[in-house]
Amino acid sequence: MPQSAFLILFVLTLVSSIWMHVTVHRTMRDHSPGLRGRIEEPEDSVGAVAASPRR
């Protein structure tokens, strides 16, 4: 099956992406919990930021 190579690459990419996501979140939680609020904006402020005029 020629598609098997693409399936293997897709699974490898998916596993790597999930692993990176978990690792980054664990690192943010353990080593710099104060920085987490600066990076992730609450959902309520997203609309306010988009609606504010730019200078």
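## Quick notes on the overall build of the protein
For the protein, the count of helices and strands is three helices and zero strands. Here the protein holds 55 residues, and 2% of them are scored as buried. Entry remark: accessible area of the protein is about 5,500 Å², with carbon and sulfur atoms responsible for 66%.

## Concerning the confidence of the model for the protein
Looking at the protein, the pLDDT average stands at 78 and 65% of residues meet or exceed 70. The lowest-confidence element of the protein is helix H3 (residues 43–51), averaging 55 in pLDDT; the highest-confidence one is helix H1 (residues 3–31), averaging 93.

## Regarding a nonpolar patch on the surface
Judged by side-chain polarity, Leu7, Phe10, Val11, Leu14, Val15, Ile18 and Val22 come together as a nonpolar surface patch covering roughly 640 Å² of accessible area. Relative to the assigned elements, Leu7 resides in helix H1.

Conventions used here
- Residues numbered from 1 in each chain as written.
- Predicted model: local features only at pLDDT ≥ 70, side-chain atom pairs only at ≥ 80, totals over all residues.
- Heavy atoms only, no water.
- Helix = DSSP H or I, 4+ residues; strand = E, 2+ residues; numbered from the N terminus.
- Buried < 20%, exposed > 50% of the residue type's maximum accessible area, 1.4 Å probe, protein only.
- Areas by Shrake-Rupley, 256 points an atom, 1.4 Å probe, with all protein chains shown as cover.
- pLDDT = per-residue confidence, 0-100.
- Patch = residues over 30% accessible without salt bridge, like charges linked within 9 Å, V, L, I, M, F, W, Y side chains within 5 Å.
- Salt bridge = Lys/Arg side-chain N within 4 Å of Asp/Glu carboxyl O.

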